[in-house]
Every structure is written in structure tokens, then in C-alpha cells.
Amino acid sequence: LQPREMSHQLRVARDIQKRLLPAGPARFGSAEVAGLSEPSSRVGGDYFDYFQVDTGRFGLCVGDVSGHGIGPALVMSNVRAHLRGLLQTRRSLGGLYGLLNRALCNELTEGMFVSLFVGVFDSAKMVLEFQNAGHTAPILCRPSEDTFRTIPPTAPALGLFDDLSAGPCPAVSVKSGDVLVCYTDGVTERHSPEGELYGEERIRTVVRRAVKRGASPADVVAAIREDCEVHARDLPPRDDVTLPG
């Protein structure tokens, strides 16, 4: 392809990828969610999503395909299709890891894998059921107690080993006012010009400050992004940056 044609095709691919992401903040019952994703190149391998599963429950997910560029972007669009299809037909996380992992093992080229956090929140029970397939641990902030809890991986990343299944889905109780922050390692591993990583502790500091002033989820996401940019001081990101919460 000629450079002009290649540039045009990459622009089209980026536009399509952006349309696959949520258009903006959303509310599901008493819960409000927001997010952003900024690829480090024209297209990226990060992904986040939130959508209604059934009455009173919604799904929230964030993922990261190994590598950069058009290949990981294509894989992530496939992950989105698989995940939405499985959740909206099965309506349960039980067994989802094994089905999704098997599908990706058959589709990914050697050496590729996908880290993925997916949760289903029940607004009546105030319970978040989740699976974390090798993804950077989300943070659950409880402002009423000024505490933070991480949600570590419960299974390996997807696409690494065939015929794997995860155990029973863990669940965490959520209180009114709690804030769940999910992100990819492009946030915590953002470098300053001196080589210092942004890190999880800075996220906690920003979230604590934001919730004290009653910030919305969109404001929390924006505050983390702004602080991350201040830390990087105009240094271009080496990885995609994705922040739903």
C-alpha cells in the first residue's frame, strides 16, 4: 500500500475502534460508569465496555491484548464480540472463562494473549461478581471507611493455555458511594522523563482527593488522566492508556 492509502486505512480502523467503545458515561440503576481509552499509536489493543446484562444487572470489563497496532486491535474487537455474546445469552460469569479462553486459543497467533477483567454488578444485591484473567488489579475505593481494596487475578490471561477453566466466580459486596477504578498497565507504567513509573499509589491519591469533593465517575477518570499527563510531562506514552470506572 502507498503511504497515503495506509494512513487512510488506519484512520478508518481507528474510527471503527472508537465506535466499539461506549459513547460516554452511563447509568445502570444506582450505579454510574465512565471511561476512556487512548491508544499509543493509530489503533490500540486496549478495550473497555459496559452494558446491560438483564434487569438490575450490568457488565463492566477492561482488557489488554499483548502487543500494539492493527493486529491487537483486531483481536480486541473479536474479544468484545465473544464477551458480549456470551454474557447476553448465558447471563452468568460461570464457565465464561473456559469458553472465551478456548475460543481465543484457536484464534490467536503464537505468543499473543489477552488480559481481561470482567464483572457483573447486581444493583439489588449490591454485589459485584467478577473474573480477573491476568489483568492489572482494579481498585475498589470505600470513601465511608477511607479504604482501598485490590481485586487481584483469579485466573491466567486468556489465550495462553488451552482447556483451562477458572474456579467459582468470586464476589465482592459494594456499598453506596464506593468507587471501582479499572485500568490497564499503560496507566501505572507511564514513565516520567526521569524514568519513574506512575504507579498505583498515585491513582489512590487522585481517587481519594476526587471522591472527597464528590466527583462523578467521569470526573475521577479525567482526574487520573490529567495527573498521569502531569507525571509524564509531554513524554509520549509507550502503551495504550485505558481507564473505566
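Structure's up top.
So, here's what we can say about the structure. Keep in mind it's a predicted model, so treat the numbers as computed, not measured. (Residues numbered from 1 in each chain as written. Predicted model: local features only at pLDDT ≥ 70, side-chain atom pairs only at ≥ 80, totals over all residues. Heavy atoms only, no water.)

**Considering unusual backbone geometry**
Positive phi values are uncommon outside glycine, yet Met126 reaches one of about 55°. Assignment of secondary structure puts Met126 in the loop between strand 6 (114–122) and strand 7 (127–133). For Met126, a relative accessible area of 21% corresponds to the partly exposed category. Of note, Asp146 is a non-glycine position whose phi angle comes to about 55°, a positive value. Following the sequence through the fold, Asp146 ends up in the loop between strand 8 (139–142) and strand 9 (147–150). For Asp146, a relative accessible area of 43% corresponds to the partly exposed category. (Helix = DSSP H or I, 4+ residues; strand = E, 2+ residues; numbered from the N terminus. Buried < 20%, exposed > 50% of the residue type's maximum accessible area, 1.4 Å probe, protein only.)

**Quick look at the packing of aromatic side chains**
The final tally for this structure, using the stated rule, is four aromatic pairs. For the ring pair Phe48 and Tyr50, a centre distance of 5.9 Å and an interplane angle of 45° mean the geometry is tilted. Phe48 gets classed as buried once you look at its relative accessible area, which sits at 2%. What makes Tyr50 buried here is its relative accessible area of 6%. (Phe/Tyr/Trp six-rings, centres within 6.5 Å; stacked < 30°, edge-to-face > 60°.)

**Quick notes on the sheet that holds strand 10 (residues 171–173)**
The strands that make up a sheet are held in pairs by hydrogen bonds between backbone atoms, and each pair lies either parallel or antiparallel. The five strands lie next to each other as 4-5-6-7-10, forming an open sheet whose pairing is antiparallel. Of all the strands in the sheet, the pair left with one neighbour each is strand 4 (46–54) and strand 10. Across the sheet, the mean angle separating the axes of adjacent strands is 20° when strand polarity is ignored. Strand direction decides the pairing type here: strand 4 and strand 5 (residues 57–65), joined by eight bridges, are antiparallel. Bridging across to strand 5, Phe48 finds its partner in Val62. Against the sheet, helix 2 (residues 70–90) touches strand 4, strand 5 and strand 6, its axis set at about 15° to strand 4. (Pairing = 2+ DSSP bridges. Axes fitted to C-alpha atoms, helices over the stretch in contact; angles between N-to-C directions. Contact = heavy atoms within 4.5 Å.)

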